[in-house]
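Residues per chain are reported as follows:
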Amino acid sequence: MSRLILVNFLLVLLILSACQNSSERNHTAENQYNILPKPAKLLAKKGKFLISTDTRILLENDDIGLQKAADYLIDFLKKGTGHQLQIETTGDTKDAIIFRLDNTIKNEEGYQLSVSPYETTITSKTGKGAFYAVQTLLQLMPSNVFKAGNKSKNIPVSCVEITDEPRFSYRGMHLDVARHLFPVDFIKKFIDLIAMHKQNKFHWHLTEDQGWRIEIKKYPKLQEISAFRDETLIGHASDNPEHFDGKRYGGFYTQEEVKEIVKYAQDRFVTVIPEIEMPGHSSAALAAYPELACTDGPFKVQTKWGVFEEVYCPKEETFEFLENVLVEVMDLFPGEYIHIGGDECPKAAWKASSFCQDLIKREGLKDENELQSYFITRMEKFINSKGRKIIGWDEILEGGLAPNAAVMSWRGTEGGIEAARQKHNVVMTPTSHCYLDYYQSQPEDEPLAIGGYLPLAKVYSYDPIPQELKDEEAKYILGVQGNVWTEYIPTPEHAEYMTFPRSIALAEIGWTSQDDRNYEDFTTRLVNHFSRLNALDVNYANHVLKVDGRVTSTENGVQLSLNTKAGSGYNIRYMIVGGSDEKIDYKNPIPITERTTIIAATHSGVTQIGNVA
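Residues numbered from 1 in each chain as written. Predicted model: local features only at pLDDT ≥ 70, side-chain atom pairs only at ≥ 80, totals over all residues. Heavy atoms only, no water.

A. View of the pattern of salt bridges. On inspection of all chains with the given rule, the structure shows 24 salt bridges. We note a salt bridge from aspartate 176 to arginine 179, for which the minimum N-O separation is 3.0 Å. Of the two residues, aspartate 176 and arginine 179, both sit in the buried class. Each of Lys38, Glu508, Asp521 and Arg525 takes part in a single network of salt bridges with overlapping partners. (Salt bridge = Lys/Arg side-chain N within 4 Å of Asp/Glu carboxyl O. Buried < 20%, exposed > 50% of the residue type's maximum accessible area, 1.4 Å probe, protein only.)

Structure representation (structure tokens):
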């Protein structure tokens, strides 16, 4: 007998409650070594080390990097607990947090962390390793230390022995500020979260068709014209007809603001990699300086998303402009790499240009693809002459790779494989696993996004080393990066929602060895980590903790099965609306015999730790 069953199933969003005031209750509930990313080796020990107002920082080496790591710890604890720890260079190690260097540690970012009831010791080869040890140490504390303004008398730290180092040297996050501009304070928060998860590169996408976001003093029209668009597309780019908001939009970061952000990142051992797009994605610059194009235009700062025909013309005037821009950029960003884009460059303007066709013949080039390679190689020679290196999207492989260029492989893994086989450094960032502007749940439940589907589990499943590479080729894979493109991400809150916790999965991919990674273990640690994100006021997405329902038909009738990916230690409790209003522990599928509304939530024991949506 068939029967119409309607199950209105409400999914659950998990928002872990803030820590209670009692430090003892906090450390009992939370200090269970839920460290992200997962350390290489961890040996649990009995007991607690208590940080109090009497605890001291003992620097055993006169090293700027150690000083920077110690200063970070002092500032963090002062904001979160009110404790003002003092630095000493000599003295008793009892009740001290000791920083020391050890040149026998092989990895520049590796560290050893030893916590006993009497002292805590951080041993590293460099300040970088000490800084990452501090990040681990903070995660051994109650989450209320992450909440600014909280006051704690004693801070318990679980005793442990940890030896740790990263799998990859490049562990990055990208943020597009050209489509939508974000305040300086948010950029700093973004960097804080990168550093917290032991990522060390911030790829700052500063120029686009829709806006130029960095002050260049030699070219004031970039600020006056290129930094602003007349209006912005409302809805999706595929909508027909298109709608616009009619509001002028834009702005830029002054060079003083850029210096402030770069210094802020340096203090957290994060290298900022600026991206200045060329030869495509250049509409905004051409709106201000149309003489740099191959056509007469007209040009404008674009108001919608997509790829546009307006590109730089490879003439001497263009190279002079870009070189002058990059001189100012390189003065602001001291890192090794300058990102020059190189992606999605239409060739129609070059094909129609007599100048470009004469240049192709004069230089003995095969076609417009080789003309792009000529363009990129010209810029690389200039950047190399300044002691820097270029990195670009995998389209820079087209027509031949510039001699010293590094490649970001985004259109799958093929570009990275090809570049590694040519002995070029590679950062893996394929759309399939690393594009965090994709939907992470069903679109009807999510804010507007560009498309695609990239849930947390799929992100975590990624291994940046392609199986096709031999060991001697795989060494050119520097690491992995997550990308946040912001066509459909207008606010900091939305950016956080799209970025976290998927970027945390990428952080673990970049840090933890492939053999040590396990998704269920990761989600268990992540659930506990959410309390830290709550304390930091991060608007993360928590799809990993939703309760899923599945209605099936069996010999005994219709039943509803419930499931959560929250990991071991968590359970589901449900209630039948209109029934006894009693919460029931879910153990077996629920028989459905009539039209029924069921609500369910993820619990820790009998305590509901999420809100019903």
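B. Local environment of the sheet that holds strand E21 (residues 406-409). Pairing is parallel in the closed barrel, where eight strands are placed in the order E10-E11-E18-E19-E20-E21-E22-E23. Each strand axis lies, on average, 30° off the axis of its neighbour in the sheet, ignoring direction. Packed onto the sheet, helix H17 (residues 502-511) meets strand E10 (170-176) and strand E23 (477-484) and runs at close to 175° relative to E23. (Pairing = 2+ DSSP bridges. Helix = DSSP H or I, 4+ residues; strand = E, 2+ residues; numbered from the N terminus. Axes fitted to C-alpha atoms, helices over the stretch in contact; angles between N-to-C directions. Contact = heavy atoms within 4.5 Å.)

C. Focus on helix H11 (residues 368-385). With 18 residues, H11 should reach 26 Å at 1.5 Å per residue; the first-to-last C-alpha distance of 26 Å fits that figure. Glu368, Leu371, Gln372, Ser373, Tyr374, Phe375, Ile376, Thr377, Met379, Glu380, Phe382 and Ile383 are the residues of H11 that are buried. Those residues of H11 that are buried lie in contact with strand E18 (271-278), helix H8 (316-332), strand E19 (337-341), helix H9 (348-352), helix H10 (354-362) and strand E20 (389-393). By the N-cap criterion, in which a side-chain oxygen at the helix start approaches the backbone nitrogen of a residue two or three places on, H11 is capped by aspartate 367, the distance to asparagine 369 being 3.1 Å. Looking one or two residues past H11, glycine 387 carries a phi angle of roughly 80°, positive in sign. (Expected span 1.5 Å × (residues − 1). Polar contact = N/O pair within 3.5 Å; in protein donor to acceptor, adjacent residues only side chain to side chain.)

D. Spotlight on the state of the cysteines. One pass over the full model with this rule turns up one disulfide. With a sulfur-sulfur separation of 2.1 Å, cysteine 294 is cross-linked through a disulfide to cysteine 313. In this structure, the disulfide formed by cysteine 294 and cysteine 313 twists by about 90° around the S-S bond and is classed as right-handed. With cysteine 294 in the loop between helix H7 (283-288) and H8 and cysteine 313 in the loop between H7 and H8, this residue pair connects regions lying 19 residues apart in the sequence. On the accessibility criterion, cysteine 294 (22% relative accessible area) is partly exposed. Exposure remark for cysteine 313: the relative accessible area of 2% places this residue in the buried category. With no disulfide of its own, cysteine 345 has cysteine 294 as its nearest cysteine by sulfur position, at a separation of 9.7 Å. With a relative accessible area of 8%, cysteine 345 lands in the buried category. (Disulfide = S-S within 2.5 Å.)

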